[in-house]
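Geometric and topological summary
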Amino acid sequence: MPLFRKSQPQDAPPAFVAPPPVLRGTLACSAPGCTNQDGVACAYVDRRGRACPTAWCPDHQIVAGGVVFCRRHARQHGAVPEGSFLADRGLPDLDNRAPSLVNWIGDALEPSFLALLSSMLRPGTSDEVGTEPVHHVRPPDGRTRWDRAWKIFDHTGILTKITVEVEESRDPEVDIRVGRKSIVTAIPPWIARRRRGERALEDAADEAERSAFYKDIYDAVVPAVMSEFNRAR
Ligand SMILES: [Zn+2]
Ligand SMILES: [Zn+2]
């Protein structure tokens, strides 16, 4: 039995898992349309010793094992599940930041969401945890959006589902839903600050703010997921 479980009561939901800290450098970010100059080079080096030429700012990097990767090379290192990538190019459309934002928020919350859903599975049933990679949704009302989701399903269908979505017309506002219910709607604070023309926070304060933003989302999602799951079963 893992040590970290010992002090927790059996039925408590798993605590929020903080995403790895962002890393700051001095390179121009390679993300399409991003003007940030605090990128760090992708750590990938191929078998012939050639380094990946890309660099990524805190908004667009993936940190694994204490180093930065681009999305493509993070996938090769298994740092991010296969399903979370867009199409085959690994990068969103040049003129559309919405899928990138959904993936960014989704990557940060995924470890917590997966731990939560896994803790809720009923023993002796066909319950399973599943993920849905980011995809474009075009409803008849024209409010096109990008969704990425985590769910519990069994042979009867979906029992509960958490969705991170960005509607294209409201980008960079992020919606977090449980089932059809909207739980949180927010512009990530570091994006809001940039839009107001303010300078980025110092590293430690920025880190604390990001972590608080994700933890608030997680804490709001927990009771909603539990009550939806209890109603479905
Ligand atoms: Zn960037
Ligand atoms: Zn790379």
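Right above here is the structure, for reference.
Residues numbered from 1 in each chain as written. Chains lettered and ligands numbered in written order. Predicted model: local features only at pLDDT ≥ 70, side-chain atom pairs only at ≥ 80, totals over all residues. Heavy atoms only, no water.

Section: the nonpolar core
I105, F113, V164, I176, Y214, V221 and V225 are the most contacted members of the largest nonpolar core, which has 37 residues in total. Of all the elements, helix α2 (residues 98–120) adds the most residues to this core, at 11 residues. In contact with V225, other than residues within four places in its own chain, are L116, L117, M120, T160, I162 and V178. (Core = buried A, V, L, I, M, F, W, Y, C linked by side-chain atoms within 4.5 Å. Buried < 20%, exposed > 50% of the residue type's maximum accessible area, 1.4 Å probe, protein only. Helix = DSSP H or I, 4+ residues; strand = E, 2+ residues; numbered from the N terminus. Contact = heavy atoms within 4.5 Å.)

Examining the pairing of strand β8 (residues 174–178)
On any regular strand, side chains alternate: one points to one face of the sheet, the next to the other face. The element β8 is extensively covered by neighbouring structure, given that 4 of its 5 residues are classed as buried. Taken together, the 4 bridges between strand β7 (residues 157–167) and β8 define a ladder with antiparallel strand orientation. Across the sheet, the residue bridging to E165 is D175, located in β8. Here β7 folds back onto β8 in antiparallel fashion, the turn holding 6 residues. Remark: 2 residues form the turn of the hairpin made by β8 and strand β9 (residues 181–186), two consecutive strands paired antiparallel; G179 in that turn has positive phi of roughly 60°. (Pairing = 2+ DSSP bridges.)

As for the sheet that holds β9
In space, the 5 strands of this open sheet follow the order β5-β6-β7-β8-β9, with antiparallel pairing throughout. Bordering the open sheet on either side are β5 (128–137) and β9, each of which pairs with just one other strand. Strand after strand, the sheet turns through a mean of 15° between neighbouring axes, direction not considered. Both strand β6 (residues 145–154) and β7 contribute to a ladder of 10 bridges, which runs antiparallel. Note that in β7 the partner of R145 across the bridge is E167. Strands in contact with α2 are β5, β6, β7 and β8; relative to β6, the strand with the most contacts, it is inclined by about 15°. Where helix α4 (residues 203–232) meets the sheet, it contacts β6, β7, β8 and β9, and its direction lies at approximately 150° from that of β7. (Axes fitted to C-alpha atoms, helices over the stretch in contact; angles between N-to-C directions.)

Thoughts on the coordination of the zinc ion (ligand 2)
Looking at the zinc ion (ligand 2), the protein donor atoms are C42 (SG), C52 (SG), C70 (SG) and H73 (ND1), and they sit 2.0 to 2.3 Å from it. For C42, a relative accessible area of 5% puts it in the buried group. Residue classification places C70 among the buried residues on the basis of a relative accessible area of 5%. (Donors = N, O, S within 2.8 Å, 3.2 Å for Na, K, Ca; no water.)

What to know about the side chain of E165
Assignment of secondary structure puts E165 in strand β7. The exposure class of E165 is buried, given its relative accessible area of 3%. At a separation of 3.3 Å, a polar atom in the side chain of E165 contacts the side chain of R145. Sequence-distant contacts of E165, that is, excluding residues within four places in its chain, are made with V102, R145, W146, D147, E173, V174, D175 and R177. (Polar contact = N/O pair within 3.5 Å; in protein donor to acceptor, adjacent residues only side chain to side chain.)

Section: the side chain of N36
Checked against the element boundaries, N36 lands in the segment before β1 (40–41). Sequence-distant contacts of N36, defined by excluding residues within four places in its chain, comprise L27, A28, C29, C57, D59 and R194.

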